[in-house]
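Report on the structure
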Amino acid sequence: MLDAEIAPARLLSGSLCAVPWRALESEVDAWDRLTGNASEPNPFFESWYLLPSLRHLPDTDGVTILRFEQDGQLVGLLPVAPSLRYYRWPMPHLSSWLHANCFCGVPLVARGAEVPFWQAVLSWADTRPDAALFMHLRGMMLGGPLHAALDAVAAQDARQIEIVHREARAMLASDLSPETYLEAALSSKKRKELRRQANRLAEEGAIAFEHSTDARDVARWCTDFLALEAAGWKGKAGSALASSERTERMFRESLEGAALRGRLERLSLTLDGRPVAMLATFLTAPGAYSYKTAFDETYARFSPGVLLQRENLAMLDRADIAWTDSCASADHPMIDHLWRERRDIGRLSIAIGGRLRRAAFRQFVRAETARHPAGHRP
């Protein structure tokens, strides 16, 4: 477990402390103010999502929050945890903390504080009294302000930093109208097939699309979503949110917190009032994240999930949302054909410590990148 009593790393432009994650439970207001001024949005590190994750998921006792402050204000935040293994290798390192339902690892940092934040984080990591060989950051948005600031700080320190994995994730980012975008994304044959499927589904009963961005009936919506997801292949595989009481509680609590802050859009396709496809999207202007989607597999021949995503193109009409991250795996068989833009996501490994640790890291990362020279890990 990280030493929560370690002395803060002091810099002229701010101070950083490693604190137990429960210490942040009393700073939700300051945390939410930071969110409103973040250089890059990341809903998964906002208070309403990160705290339920830490409260309900297993093995979180070792998670520490790197808390960066300037002029008495919270301006930076990153959850980290030590690990004795680096994927399949026994290699102690320090990693940003993510879990299976966390789709972005960019730290929350106030605009203008990006460089001093990374200076403080790396200075702290350099002086940690343990055996961590390097620092590993997962789920970083490559080419964004936080990545650019990290590269600049590493270059200034002559510190080695490597992209050890990258993938292109589908995103929606266009000035086109929903109708024009659909025409550009799909062939006329495919659009005709979608219309046919919608008409055939309408023969089964009354269909409707329901949009909601308020907090009314969030608990009922969550219940419907969890049941829909559990009835499908994820339920059979044991990977549905409802397959574990821990993930179900995290899901319910985080969606309620998001809705109360106006950070949640719920979209449903209903048949005779019963949902057959559902989508939860986190609204984090100027972006958004398509968090979770599910559909009734007994209606698979009508492609209800695709029909829902066709309706979801209305996101293009929102003046406050410039892009939407799909949160989908690379080369996703459905969304990659509909959303044409891509977002580069990567894992970064960074040298820390003194001369010996950095030399050992140089040898290790050289072997790793030789196996995957393009920065792609299987």
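Everything quoted here is computed from the prediction, not taken from an experiment.

Some thoughts on the overall build of the chain
Helix and strand counts for the chain come out as 12 helices and 14 strands. Relative to the globule expectation of 21 Å for 378 residues, the C-alpha radius of gyration of the chain, 22 Å, shows essentially globular dimensions. If one aligns the C-alpha atoms of the chain with their principal axes, the spans along those axes are about 70 × 45 × 40 Å. Look at the contacts in the chain between residues 6 or more apart in sequence, and 76% of them connect residues 24 or more apart. Carbon together with sulfur atoms contributes 51% to the accessible area of the chain, which is approximately 16600 Å² in total. Within the chain, the 47 negative side-chain charges are centred at a point lying 5 Å from the centre of the 46 positive side-chain charges.

Comments concerning unusual backbone geometry
Following Ala-285, the chain continues to Pro-286 via a peptide bond in cis, the omega torsion being 10°. One can find Pro-286 in the loop between β11 (274-284) and β12 (287-295). Notably, Tyr-87 is not glycine yet its phi reads approximately 55°, a positive angle. Along the chain, Tyr-87 falls in the loop between β4 (73-83) and β5 (93-96).

Concerning the pattern of salt bridges
Going through the model one piece at a time under the given rule, you end up with 24 salt bridges. Close ionic contact of Arg-343 with Asp-325 constitutes a salt bridge, the shortest N to O distance being 2.9 Å. Taken together, the residues span a long stretch of sequence, with Arg-343 in strand β14 (residues 341-351) and Asp-325 in strand β13 (residues 323-325) at a distance of 18 residues. With respect to class, Arg-343 is no different from Asp-325; both count as buried.

A look at the domain arrangement of the chain
Here the chain is partitioned into domain 1 (16-169 + 344-371) and domain 2 (175-338). When each unit is reduced to the centre of its C-alpha atoms, the spacing between domain 1 and domain 2 is 30 Å. Opposite the 24 residues of domain 1 that make contact, domain 2 presents 23 residues. Across the interface of domain 1 and domain 2, roughly 2100 Å² is buried in total on both sides, 62% from carbon and sulfur atoms. Sorting the residues of domain 1 by area buried against domain 2 places Trp-48, His-56 and Arg-169 first, and these three jointly supply 35% of that buried surface. Counting every contact that joins domain 1 to domain 2 gives 4 salt bridges. Two residues, Arg-55 and Glu-253, come together in a salt bridge whose shortest N-O distance is 2.6 Å. Where domain 1 meets domain 2, there are 9 residue pairs in polar contact (both at pLDDT 80 or more).

A short note on the environment of Ala-184
In this fold, Ala-184 is placed in helix α5 (residues 178-185). Ala-184 sits in the partly exposed class, given a relative accessible area of 42%. Sequence separation between Ala-184 and Arg-340 is 156 residues, and the spatial gap between their C-alpha atoms is 9.1 Å.

Observations concerning the pairing of β4
Counted residue by residue, β4 has 8 buried out of 11 residues, so it is predominantly covered. Pairing between strand β3 (residues 64-70) and β4: 7 bridges, direction antiparallel. Its bridge partner being in β4, Ile-65 is matched across the sheet by Pro-79. Counting the residues in the hairpin turn of β3 and β4 gives 2 residues, including Asp-71, whose phi is positive at 50°. Direction of pairing for β4 relative to strand β6 (residues 108-109): antiparallel, over a ladder of 2 bridges.

Considering the pairing of strand β7 (residues 134-141)
As a general feature of sheets, a regular strand has side chains that alternate between the two faces. With 7 of 8 residues buried, β7 is to be regarded as a mostly interior element. When β5 meets β7, the two strands line up parallel, connected through 2 bridges. Looking across to β7, one finds that Leu-94 is bridged to Met-135. Bridge count for β7 against β14 is 6 bridges, and the pairing is antiparallel. Residue pairing across strands places Met-140 opposite Gly-346, the latter belonging to β14.

A short note on the packing of aromatic side chains
Counted according to the given criterion, the structure contains 25 aromatic pairs. Taken together, a centroid distance of 5.7 Å and an interplanar angle of 85° make the contact between Phe-44 and Phe-103 edge-to-face. Highlighted residues: Phe-44 in the loop between α1 (28-36) and α2 (47-56) and Phe-103 in the loop between β5 and β6, separated in sequence by 59 residues. The two residues Phe-44 and Phe-103 agree in class, both being buried. Taking 6.3 Å as the distance between ring centres and 20° as the angle between the ring planes, the aromatic pair formed by Phe-251 and Tyr-291 counts as stacked. On the criterion of sequence distance, the pair formed by Phe-251 in helix α9 (residues 245-260) and Tyr-291 in strand β12 is long-range, its members being 40 residues apart. With relative accessibility at 0%, the residue Phe-251 sits in the buried group. Every member of this aromatic cluster is reached through a ring pair, and the members are Phe-44, Trp-48, Tyr-49, Phe-103, Trp-221, Phe-225, Phe-251, Phe-282, Tyr-289, Tyr-291 and Trp-323. Its end group placed over the ring of Tyr-181, Arg-340 keeps NZ or CZ at 5.0 Å from the ring centre. Here the guanidinium or amino end of Arg-343 rests over the ring plane of Trp-323, the centre of that ring lying 4.2 Å away.

A short note on the environment of Asn-312
Along the chain, the position of Asn-312 falls in helix α10 (residues 304-312). For Asn-312, a relative accessible area of 3% gives the class buried. Look past the residues within four positions of Asn-312 in its chain and what remains in contact with it is Glu-265, Leu-267, Leu-279, Ser-290 and Trp-339.

What counts and what doesn't
- Residues numbered from 1 in each chain as written.
- Predicted model: local features only at pLDDT ≥ 70, side-chain atom pairs only at ≥ 80, totals over all residues.
- Heavy atoms only, no water.
- Helix = DSSP H or I, 4+ residues; strand = E, 2+ residues; numbered from the N terminus.
- Rg over C-alpha atoms; globule rule 2.2 N^0.38 Å.
- Contact = heavy atoms within 4.5 Å.
- Areas by Shrake-Rupley, 256 points an atom, 1.4 Å probe, with all protein chains shown as cover.
- Lys, Arg positive; Asp, Glu negative; His and termini not counted.
- Charge placed at Lys NZ, Arg CZ, Asp CG, Glu CD.
- Salt bridge = Lys/Arg side-chain N within 4 Å of Asp/Glu carboxyl O.
- Buried < 20%, exposed > 50% of the residue type's maximum accessible area, 1.4 Å probe, protein only.
- Domains from an automatic or database assignment.
- Buried area = accessible area lost by both parts, 1.4 Å probe.
- Polar contact = N/O pair within 3.5 Å; in protein donor to acceptor, adjacent residues only side chain to side chain.
- Pairing = 2+ DSSP bridges.
- Phe/Tyr/Trp six-rings, centres within 6.5 Å; stacked < 30°, edge-to-face > 60°.
- Lys NZ or Arg CZ within 6 Å of the ring centre and 35° of its normal.

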